[in-house]
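Secondary and tertiary structure notes
Here are the chains, one letter per residue:
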Protein chains: 4
Amino acid sequence: MPSKHKEELSFTSEVRVRFSECDPLGIVWHGNYIQFFEDAREAFGRHHGISYLDQKANNYSTPIVSSKCEHKLPLAYGDIARVKATYIDSAAAKMIFKYEIMNPQGEIVCTGETVQVFVELGGELSLTLPDFFRKWKIKVGLLDE
Amino acid sequence: MPSKHKEELSFTSEVRVRFSECDPLGIVWHGNYIQFFEDAREAFGRHHGISYLDQKANNYSTPIVSSKCEHKLPLAYGDIARVKATYIDSAAAKMIFKYEIMNPQGEIVCTGETVQVFVELGGELSLTLPDFFRKWKIKVGLLDE
Amino acid sequence: MPSKHKEELSFTSEVRVRFSECDPLGIVWHGNYIQFFEDAREAFGRHHGISYLDQKANNYSTPIVSSKCEHKLPLAYGDIARVKATYIDSAAAKMIFKYEIMNPQGEIVCTGETVQVFVELGGELSLTLPDFFRKWKIKVGLLDE
Amino acid sequence: MPSKHKEELSFTSEVRVRFSECDPLGIVWHGNYIQFFEDAREAFGRHHGISYLDQKANNYSTPIVSSKCEHKLPLAYGDIARVKATYIDSAAAKMIFKYEIMNPQGEIVCTGETVQVFVELGGELSLTLPDFFRKWKIKVGLLDE
């Protein structure tokens, strides 16, 4: 029987560059892209029905263990950028997201990746996929029941 | 019997302006001064023996209920500013601090004020001075025993 | 001839509270409200046709010279707050805004005020209303021609 | 003739974790580590005599084109962390830094890397080492004259 697994699940949201996010060179300070990634990941979660608050309700937190960011072009104050967050499927007890930020001209200004793990409220790292997350993967077609 | 009350208790600390704290005009973005005030208040607390962690150990938090900031001159990247935090004594169950930020030339660039209240860990506003704070005021000479 | 002056001009925008804007107490760190005020002021400007970039195109900057913030209730991660920015008319060469932030239940969590002045690109404080701003006040009905 | 090239040049500075840098989980929000890296890089620059302001005086900016961050352990409010920034020598017209952040117990909480390029004030990417930077490398013993 053929699997219904999708290869990727993504969501694109917008971010309007704030004055205070730009530095004396007039461009977004590089550290602020990590916030843009988080904003995009949260927008993904709201769209696809898996949020930080769901995690919390299930007694898990999902700390970032790794993040990467490659800058190709700058963004300036007032730019409305589009941020695409793509969930990268994996059998491991991890959440991997890739990001692409596009400027108003549609050029890629930045790419990135974050990796999150599942930690139980007591502080224990989960080595297997938590049940609530397995259910979500089934719901969105990334896992067969 | 003469009181030993001091009129004010203050502490001056330094802050080095970060690149990311400056905006496209090349000066510190105004919202960052609130952080400079907090840094100065914490340095005051470390110097005079009353810290956020003491408050927490005594089951209190001390949320800011009001803040004010008046800007007279800008600060730029790399400037080492001096921030004077002064505790303004009051009979009320409040902590009031005034701030003066000076640039490397000794000019006042910014003045401000914050007011904090005492909230018990359950969330109840304290209408009287918490015991740990009364003891601190006695220790630093702001209250007679 | 009756004046067409309005008493106030306002605009209400939304802000979704970010995880990173909340502190260890689980509520928005007080310094972040200054950013919410700026976001609301900019949304006001886009709606009413007067923006930072207009100012810049006319060779002016409009630094904040004073800000105030009164906190009544906390906001938490995920809250969608409404921020009303109201332009307070004045004959002086200043821009005064008042702010009201409401939580999802419609309660006022925070009020504030900012005052901005007009500075010419050379750095000179403008003692009279710049021409572009006078034109804007006429356009929105705050000044007769 | 033996080269005097050192294998690495590093500097360790301290960072005191601010209340506002911690999130509702009570730990430093991951995006703030990028700031800690920048603080450490600037402290390195002050110690070893190569600063952002030198770059600017020589009509160059040095934007970050890539950053990475691996998180192993959390940091909490009040922790005094040590951040070691190491300049990784390279023949290319780049500045590569590696970072190690240690908690008060001496455990590594975070490692990272940033890559910067040299951009002339007109906006042109420099494909060769700028003269002021070559001189610095000679001065600190990373290049023979």
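In this text, all values refer to a predicted model and were calculated from it rather than measured experimentally.

1. Considering the packing of aromatic side chains
Residues and elements named next belong to chain A.
- Scanning the model with the defined rule gives 60 aromatic pairs over all chains in all.
- Relative to phenylalanine 133, the ring of phenylalanine 118 lies with its centre 4.9 Å away and its plane at 55 degrees, an arrangement referred to as tilted. Residue phenylalanine 118 is located in the loop between β6 (108–117) and β7 (119–120), and its partner phenylalanine 133 is located in helix α3 (residues 131–139); the two are separated by 15 residues in the primary sequence. The residues phenylalanine 118 and phenylalanine 133 share a single accessibility class, namely buried.

2. A word on the interface of chain A and chain D
- Listed as interface residues are 18 residues of chain A and, on the opposing side, 18 residues of chain D.
- Summed over both partners, the interface of chain A with chain D comes to about 1,700 Å²; 58% of that surface belongs to carbon and sulfur atoms.
- Looking only at chain A, the three residues that lose the most surface to chain D are Trp29, His30 and Ile34 of chain A, adding up to 29% of its buried area.
- Between the two partners, chain A and chain D, sit zero salt bridges.
- The interface formed by chain A and chain D contains six residue pairs in polar contact (both at pLDDT 80 or more).
- Sorting the residues of the side of chain A that touches chain D by element identifies α1 (33–48) and β3 (64–71) of chain A as the ones contributing at least two each.
- Ranked by the residues each element gives to the side of chain A that touches chain D, the list is headed by β3 of chain A, at eight residues.
- Partitioned by chemical class, the residues of the side of chain A that touches chain D number seven nonpolar, seven polar and four charged.
- Where β3 of chain A lies against strand β3 (residues 64–71) of chain D, five bridges are found, and the strand directions are antiparallel. From the neighbouring strand, serine 67 of chain A faces β3 of chain D, where its bridge partner is cysteine 69 of chain D.

3. Side note on helix α3 (residues 131–139) of chain C
Residue and element names in this part refer to chain C.
- Every buried residue belonging to α3 is among Phe132, Phe133, Trp136, Lys137 and Ile138, and all of these are buried.
- Those residues of α3 that are buried lie in contact with β1 (9–16), α1 (32–48), α2 (52–57), β2 (60–61), β4 (80–88) and β5 (94–102).
- Just downstream of α3, glycine 141 is the residue with a positive phi angle, here 85 degrees.

4. Overview of the relation of the copies chain C and chain D
- Its rotation angle being 180 degrees, the transformation that places chain C on chain D also includes 0.0 Å of axial translation and leaves an RMSD of 0.0 Å. Both copies of the chain, as the preceding transformation shows, are related through a two-fold rotation axis.

5. Let's talk about the interface of chain C and chain D
- Between chain C and chain D, the contact holds eight residues from the first and eight residues from the second.
- Buried surface at the junction of chain C and chain D, summed over both partners, amounts to about 760 Å²; 79% is from carbon and sulfur atoms.
- It is Phe19, Ser20 and Pro24 of chain C that lose the most area in chain C upon contact with chain D, and together they represent 63% of the buried surface on that side.
- Our count for the chain C to chain D interface comes out at zero salt bridges.
- Here chain C is connected to chain D by zero residue pairs in polar contact (both at pLDDT 80 or more).
- Partitioning the side of chain C that touches chain D into residue classes produces five nonpolar, two polar and one charged.

Parameters and conventions
- Residues numbered from 1 in each chain as written.
- Chains lettered and ligands numbered in written order.
- Predicted model: local features only at pLDDT ≥ 70, side-chain atom pairs only at ≥ 80, totals over all residues.
- Heavy atoms only, no water.
- Phe/Tyr/Trp six-rings, centres within 6.5 Å; stacked < 30°, edge-to-face > 60°.
- Helix = DSSP H or I, 4+ residues; strand = E, 2+ residues; numbered from the N terminus.
- Buried < 20%, exposed > 50% of the residue type's maximum accessible area, 1.4 Å probe, protein only.
- Contact = heavy atoms within 4.5 Å.
- Buried area = accessible area lost by both parts, 1.4 Å probe.
- Salt bridge = Lys/Arg side-chain N within 4 Å of Asp/Glu carboxyl O.
- Polar contact = N/O pair within 3.5 Å; in protein donor to acceptor, adjacent residues only side chain to side chain.
- Nonpolar A, V, L, I, M, F, W, Y, C, P; charged D, E, K, R; others polar.
- Pairing = 2+ DSSP bridges.
- Least-squares fit on C-alpha atoms with pLDDT ≥ 70 in both.

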